[in-house]
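Residue-level listing of the chains:
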Amino acid sequence: MRFAVVLTVVLALFAACADDDSGSLADAGVTREQVALVPATARRDLDLLFVTDDSPGGLELQTSLKAAFPAFLGELTLREQLPNLHIGVASTDIGAQGAEDTQPGASIGSGPGSCSGVGKAGALQTNSTTLLNGTFIVDMLASDGSRTTNYTGTLTNVFNAIISLGASGCGFEQPIEAMRRALDNNPANAGFQRPATPLAVITLTDEDDCSFAHSTLLGGATTVLGPLQSFRCTRFGVLCDTGGATTDEMYVLGSKTRCHWNNDSAYLTRRDRYEQFIAAVNGDARNVFYGAIAGGPVSELVVEARTPPGGGSAVPALQHVCLYTGMYGPQAADPAVRIQELTEVVPRGRFEPVCDVDLTVSSVAMAREIRGLLGDPCLTRDIASPADCVVADQTLSGETPIPPCSTQRTTDCYQLVDDATCTTVSHLRVDVTRSSPASADTMVSVRCRI
C-alpha cells in the first residue's frame, strides 16, 4: 500500500543517409524508440493532473514529490515562461466500486487502508487549503507578462498543500481508473480540462494498478481469490508467459517472466478501456501524455511466501522490486506491470522508477516529455552514437518519412542540431526545414536507437 552526442555525430548520420530519400532506416532487427513527438505548431496551454497514492505508505511518496517539484517546474519552463497551467491532484482511492459496477460493494477494513463507497471518486483534492481559490491551480501568462493566478503565495507552496493527501486511503489502489474518473466529465472537476488543450497525467504510486471491474475482487478470503491482500491485483490483473500463464500459475511461488496485462480477467479491467479513453479524452491521443513514477522497470516478477502485515501464516506475495530508506523509514515498491505497460502502448508515455527518496531525476524526465507535448523540439532521451534515427511527419491519417538534410537536399528535410538548452546529455533537438507549412494536425516523430 502503499541524458555525449555532438553535431559531428549528426554529420556522420547525414553522410550515411544522404542518398536515402525515403528517410526510412527501418533495418530488420533494429529497435528504435520514440525520442520526440513534436507538434508543428507550439502550444502554451497545459492541463496537468497528478494521480497520487494516498494509501498507507503514500506519505513518503508525496513528500518526495514535493521536494522534487521545483526541479520539475524548472524543466517545464519554456522560453523563460511556464505554460498556461491548470494543475489538479486526484487520489488513487476510489473506494469499493468497480469500473463496471453500478453501486459500490461492501466496505473492507477499518482505519488507514480501508476501502468504502466510492472513495474520493476522482474528485480533485485541495485538502481545504486556504491558499487556493478553487479545486485546481490556475497559473496563466497575462498580456503584460505577469502571471494571473488563483492562489496566494508561491506555486510550489500551493502545490505542496494540495498534494499532501496523507496516507489513509484505500489499500487497493486504482490509479488508472482514478485518472479516468477524474477526467471523464466529472462534475466535481468542472473547468479543469480546457477544450483541445494538451493534457498530461502523472501517476505516483508504490504498487501496481488494481483498477477492478467488479467489487467481488474485495470479497473475503476464499479458495478462489485467496487471502484479502494486494497480491490479488497481480494474480488476477497480470499474466506471465513463463511461469504464470494462468491465474492459478500466478499463485505458485517462484520467478515469472514476460509478464503483461491480463485482458481477460474476471475481476480487473481491460487495458483497451484506458487506451480508448486516452484516445478520446481530448480528440487526439497524441495530445495526451501518460507518465508514471512507480515500481520498476519490470523484467521479472517473483512470488514469495510472506507473512501478512497483521501476522499469521505466510501467504503468496509479490517480492518487492526495490527497498530503500526514506524520510519515514524503510520503504518498498512492488513491480507495476500494468502501469508500465500503459505508458508503453500510448502515443506519449514515460515510466520512471519510484525507488529513491529523491524523485528529482524521475520528475525532470516527466517534465521533459511534457515540453515535447507543447512543441519543444529537444530529444527527450539520449540516443546511440552514431545517430540512427527515423523521422516522419505524423498526422491523424498516417506518416510521411522526412529525409535528412544534405548538400543535395535543403528543404523538406530534418537535422539533429546541438543545442545547449536541451537538457539531455546529448543536447540534441530536431529541426525540420519545409518548403510549405505543415497541416495543423502534423507532429514530427523521431525514433532512434537508444
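Residues numbered from 1 in each chain as written. Predicted model: local features only at pLDDT ≥ 70, side-chain atom pairs only at ≥ 80, totals over all residues. Heavy atoms only, no water.

### With respect to the pattern of salt bridges
Thinking step 1. Taken as a whole and assessed by the stated rule, the structure comprises 29 salt bridges.
Thinking step 2. A salt bridge links Asp 284 to Arg 286; the shortest N-O distance between them is 2.9 Å. We note that Asp 284, like Arg 286, is buried.
Thinking step 3. Here Glu 352 ties to Arg 350 by a salt bridge, and the two come within 2.9 Å at their closest N and O atoms.
Thinking step 4. Looking at Glu 352, the relative accessible area reads 11%, which means it is buried.
Thinking step 5. Relative accessible area serves as the criterion here: at 8%, Arg 350 is assigned to the buried category.
Thinking step 6. Where salt bridges share partners, they join Glu 33, Arg 350, Glu 352, Glu 369 and Arg 381 into one cluster. (Salt bridge = Lys/Arg side-chain N within 4 Å of Asp/Glu carboxyl O. Buried < 20%, exposed > 50% of the residue type's maximum accessible area, 1.4 Å probe, protein only.)

### Considerations on the state of the cysteines
Two cysteines joined by a covalent bond between their sulfur atoms form a disulfide.
Thinking step 1. Throughout the structure, instances matching the rule amount to seven disulfides.
Thinking step 2. The disulfide bridge from Cys 389 ends at Cys 448, spanning 2.0 Å between sulfur atoms. Between Cys 389 and Cys 448, the disulfide has an S-S torsion of 105 degrees and is therefore right-handed. Of this pair, Cys 389 sits in strand β15 (residues 389-395) while Cys 448 is found in strand β19 (residues 443-448), placing the two residues 59 residues apart along the sequence. (Disulfide = S-S within 2.5 Å. Helix = DSSP H or I, 4+ residues; strand = E, 2+ residues; numbered from the N terminus.)

### Thoughts on unusual backbone geometry
Negative phi values dominate among residues other than glycine, just as trans dominates among peptide bonds.
Thinking step 1. The linkage connecting Gly 296 with the following residue, Pro 297, adopts the cis geometry, with an omega of 5 degrees.
Thinking step 2. Cis geometry marks the peptide bond from Ser 385 to Pro 386; its omega dihedral reads 5 degrees.
Thinking step 3. Locating Pro 386 in the fold gives a position in the loop between α9 (360-374) and β15.
Thinking step 4. Look at Ala 121: it is not a glycine, yet its phi comes out positive at around 55 degrees.
Thinking step 5. Not every positive phi belongs to a glycine, and Asp 412 is a case in point at roughly 50 degrees.
Thinking step 6. Structurally, the position occupied by Asp 412 is in the loop between β16 (398-401) and β17 (413-418).
Thinking step 7. Asp 412 sits in the partly exposed class, given a relative accessible area of 34%.

### A closer look at the environment of Pro 83
Thinking step 1. Locating Pro 83 in the fold gives a position in the loop between α2 (58-76) and β3 (84-91).
Thinking step 2. In this structure, the C-alpha to C-alpha distance between Pro 83 and Asp 47, residues 36 residues apart in sequence, is 9.4 Å.
Thinking step 3. Among residues more than four places away in sequence, those in contact with Pro 83 are Arg 44, Leu 46, Leu 76, Asp 139, Arg 147 and Leu 374. (Contact = heavy atoms within 4.5 Å.)

### Thoughts on empty space enclosed by the protein
Thinking step 1. Size it by volume and the largest cavity reaches roughly 50 Å³.
Thinking step 2. Along its surface, the largest cavity is lined by Leu 225, Pro 227, Gln 229, Phe 231, Arg 232, Arg 235, Tyr 251, Val 315 and Pro 316.
Thinking step 3. Among the secondary structure elements, those contributing two or more residues to the lining of the largest cavity are α5 (231-237) and β11 (315-318).
Thinking step 4. In terms of residue count, the dominant contributor to the lining of the largest cavity is α5 (three residues). (1 Å grid on protein atoms, 1.4 Å probe; cavity = no way out; pocket = protein on both sides within 12 Å on 5 of 7 lines; lining within 4 Å. Points joined across faces, edges and corners; volume = space filled by probe spheres on them.)

### Description of a nonpolar patch on the surface
Thinking step 1. Together, Leu 59, Met 327 and Tyr 328 make up a nonpolar patch on the protein surface, roughly 300 Å² of accessible area in all.
Thinking step 2. Counting through the fold element by element, Leu 59 comes out in helix α2.
Thinking step 3. For Leu 59, a relative accessible area of 36% puts it in the partly exposed group. (Patch = residues over 30% accessible without salt bridge, like charges linked within 9 Å, V, L, I, M, F, W, Y side chains within 5 Å. Areas by Shrake-Rupley, 256 points an atom, 1.4 Å probe, with all protein chains shown as cover.)

### As for the sheet that holds β16
Thinking step 1. Strand order across the open sheet formed by four strands is β1-β19-β15-β16, with antiparallel pairing between neighbours. Pairing within the sheet leaves two strands with one partner each, and these edge strands are β1 (33-39) and β16. Between one strand axis and the next, the sheet turns by 30 degrees as a mean value, whatever way the strands run.
Thinking step 2. The sheet contact formed by β15 and β19 spans six bridges and is antiparallel. Bridging from a neighbouring strand, Val 391 pairs with Val 446 of β19. (Pairing = 2+ DSSP bridges. Axes fitted to C-alpha atoms, helices over the stretch in contact; angles between N-to-C directions.)

### Section: the packing of α2 against α9
Thinking step 1. In the contact formed by α2 and α9, the axes pass within 8 Å of each other and the chain directions differ by 30 degrees. Here α2 lies roughly parallel to α9, going by the angle between them. For the element pair α2 and α9, the recorded crossing hand is right-handed. Between α2 and α9, the residues in contact are Leu 65, Ala 68, Ala 71, Phe 72, Glu 75 and Leu 76 and Thr 360, Ser 363, Val 364, Met 366, Ala 367, Arg 368, Ile 370 and Arg 371, respectively.
Thinking step 2. Of the residues in the contact of α2 with α9, the class split is nine nonpolar, two polar and three charged. (Parallel < 35°, antiparallel > 145°, perpendicular 65-115°, else oblique. Left-handed = near helix turned anticlockwise from the far one by under 90°. Nonpolar A, V, L, I, M, F, W, Y, C, P; charged D, E, K, R; others polar.)

### Observations regarding the sheet that holds strand β5 (residues 147-149)
Thinking step 1. Judged by pairing direction, the sheet is mixed, and its seven strands sit side by side in the order β5-β4-β3-β2-β6-β9-β14 without closing on themselves. Each edge of the open sheet carries a strand with a single partner, namely β5 and β14 (349-353). In this sheet, adjacent strand axes meet at a mean angle of 15 degrees when their direction is disregarded.
Thinking step 2. Summarising the sheet, strand β2 (residues 45-52) and strand β6 (residues 199-204) pair through six bridges and their orientation is parallel. When the sheet's bridge partners are listed, Phe 50 is paired in β6 with Ile 202.
Thinking step 3. The sheet strands contacting α2 are β2, β3 and β6, and the helix crosses β2 at an angle near 165 degrees.
Thinking step 4. Here α9 sits on the sheet and contacts β2, β6, β9 (288-294) and β14; the angle it forms with β9, its principal contact strand, is near 175 degrees.

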